[in-house]
Every structure is written in C-alpha cells, then in structure tokens.
Amino acid sequence: MFREWRKLKTLRVLPRLGARARGWLIAGPLRVACALGPAGIVRDKREGDGATPAGRFRLLWGYYRPDRRRPPAGGVPLKPLRRDQGWCEDPASGRYNRPVRLPAADCTDRMRRDDALYDLVFVLDYNFTRRVKGRGSAIFFHLARPGLTPTAGCVAISAADMRKLAPRLARGAEMWIG
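As a convention, each chain's residues are numbered from 1 in the sequence order in which they are written. Totals for whole chains, interfaces and linings use all residues, but because this is a predicted model, local features are given only for residues with pLDDT of at least 70 and pairs of side-chain atoms are given and counted only at 80 or more. Each side-chain value is worked out from all heavy atoms of the structure, with water and hydrogens disregarded.

A. Spotlight on the overall build of the protein. Helix and strand definitions here come from DSSP, where helices need a minimum of 4 consecutive H or I residues and strands a minimum of 2 consecutive E residues; each element is numbered from the N-terminal end. For the protein, the count of helices and strands is one helix and 14 strands. Looking at the 178 residues of the protein, the share that counts as buried comes to 50%. Contacts between residues were defined by any pair of non-hydrogen atoms, one from each residue, lying within 4.5 Å. In the protein, the proportion of contacts linking residues at least 24 apart, taken out of those at least 6 apart, comes to 58%. Neither His nor the chain ends contribute to the count of charged residues, in which Lys and Arg are positive and Asp and Glu negative. Taken as the charge location is NZ of Lys, CZ of Arg, CG of Asp or CD of Glu. Positive and negative charge centroids in the protein, built from 36 and 16 side chains respectively, lie 7 Å apart. Relative accessibility under 20% of the residue-type maximum defines a buried residue, over 50% an exposed one, and the middle range a partly exposed one, all with a 1.4 Å probe and only protein chains included.

Right under this line is the structure:
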C-alpha cells in the first residue's frame, strides 16, 4: 500500500456534508477526517472570518518543535521552531502574513505553543507569495485538537494521521482545498 504514496504531491481537502468545520483529506490511499475553520471553505477569504480558503496551495516549508521528537517530513523542508517565533496577522503591518521574531507589536500568532498543534506545522502558499493585505494570514496545515474542533481557518489532522502522511510528502507537494 505505501508504495503508492512514495512521492505524494497532492493532498485534496473536501468539505464534509452537514459539518462545514470538518472535511476529508485525501492523499494517495489515505482518507482522513480533518478540521477546518468554523465558516467552512470559502472562495473569498478575509482576515479573521474563520474560513478556510479554497484553492491550490504549495506546502512551502514546515516547522517542528526541536525540544520534541523530530518528525520525518519527506521532501518538504523543515525548520526548527524557535522560542521567539511568531506570525504577523496585522493587515496594517509591512510584515503581514510573514514569520516574525517576538516580541512584536504586529504579531498575533505565537508559533511555539503550549498545546501540540504546531509541533509539526506546514506553511501553505495562501496569500504568501502574492500577498494582499486583509485577504487572510497564517493559513497552515497542522495537528488537530482532540475531537477535531475547528481551526481559525487552517487545515488540521490528528497527530497519528500526520505521522503517516508527513514522511511521504514530496518536494513541491500541494494542497487542493474545495
């Protein structure tokens, strides 16, 4: 079965009927439940709307917690998550939708969290390469909370499912949402 996924380039995220904050992530032979933003998948994403953006996005790189076991992540480059790592979610800032060092007045997302959500987190190329202020920031693929409770707009799967998937990701892998 795993031979089929050796160079996994496409992760497909589909909405779950009747539960817009949930979806299905399909990757090769794997089909797993995923958490989405409470507003579900939308085509017109705005900062703070609680929606997961529809579209096709490359996995640019990932972060991992170096004080915990380093996860294998296949062909997607991984960087250690620093204690002072943050992400700018302020549309008025010149650093909007960019990693920042803390403390930072324009940062609203601390990357090094007490929970395990960002123990392994991948940055999606949503509003990153071609950034438009106010169109949404910090859209990641990360670990889910117990019970797959909604994210702020990201895509999240269980740690067990991420352990199966991450080592099989190819360089240039893409997530297709919607």
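B. Structural detail: the sheet that holds strand β9 (residues 99-101). A pair of strands is treated as paired once DSSP finds two or more bridges between them. An order of β9-β8-β10 is seen for the three strands of this open sheet, with the pairing classed as antiparallel. Of all strands in the sheet, those with a lone pairing partner are β9 and β10 (107-110), marking the two edges. On average, each strand axis in the sheet is inclined to that of its neighbour by 50°, with strand direction left out of account. Fitted lines through C-alpha atoms serve as axes, helices being fitted only where they are in contact, and the angles separating the N-to-C directions of these axes extend from 0 to 180 degrees.

C. Quick look at the environment of W24. Of note, W24 is situated in strand β2 (residues 19-27). Its relative accessible area of 23% is what places W24 among the partly exposed residues. Setting aside anything within four residues of it in sequence, one finds W24 in contact with R12, V13, L14, P15, R16, R31, V32, A33 and C34.

D. Focus on the pairing of strand β11 (residues 120-124). With respect to burial, β11 is a largely interior element, five of its five residues being buried. Here β11 shows a buried face lined by L120, F122 and L124 and a second buried face lined by V121 and V123. Bridge analysis of strand β6 (residues 55-64) against β11 gives five bridges, and the strand direction is antiparallel. Bridge pairing in β11 links Y63 to V121. In this structure, β11 lies alongside strand β12 (residues 140-143), joined through two bridges in antiparallel fashion. Residue V123 lies in a different strand from β12, and its bridge partner there is F140.

E. Structural view of unusual backbone geometry. Omega for the peptide link from L102 to P103 comes to 0°, which places this bond in the cis form. Looking at the secondary structure, you find P103 in the loop between β9 and β10. Here A138, not a glycine, exhibits a phi torsion of approximately 55°, which is positive. Looking at the element boundaries, A138 is found in the loop between β11 and β12. With a relative accessible area of 6%, A138 lands in the buried category. Positive phi values are uncommon outside glycine, yet L148 reaches one of about 50°. Relative to the assigned elements, L148 resides in the loop between β12 and β13 (155-157).

F. Representation of the packing of aromatic side chains within the structure. Think of it this way: a Phe, Tyr or Trp ring, Trp meaning its six-membered ring, pairs with another when their centres are within 6.5 Å, and the plane angle makes it stacked under 30 degrees, edge-to-face over 60, tilted otherwise. Under the criterion given, the structure shown has seven aromatic pairs. Measuring from ring centre to ring centre gives 5.4 Å for F57 and Y126, while their planes differ by 90°; the resulting arrangement is edge-to-face. Of this pair, F57 sits in strand β6 while Y126 sits in the loop between β11 and β12, and the two are 69 residues apart along the sequence. Exposure remark for F57: the relative accessible area of 7% places this residue in the buried category. Taking 5.1 Å as the distance between ring centres and 90° as the angle between the ring planes, the aromatic pair formed by W87 and F140 counts as edge-to-face. Residue W87 is located in strand β8 (residues 85-88), and its partner F140 is located in strand β12; the two are separated by 53 residues in the primary sequence. For W87, a relative accessible area of 1% puts it in the buried group. Each member of the aromatic cluster is reached from another via a ring pair, and the members are W61, Y63, W87, Y118, F128 and F140. When the ring centre of W61 is taken as origin, the NZ or CZ atom of K79, which lies over that ring, is 4.3 Å away. Here R113 stacks its cationic end above the ring of Y118, 4.9 Å away from the centre of that ring. Working rule: Lys NZ or Arg CZ, within 6 Å of ring centre, within 35 degrees of ring normal, means a charge sits over the ring.

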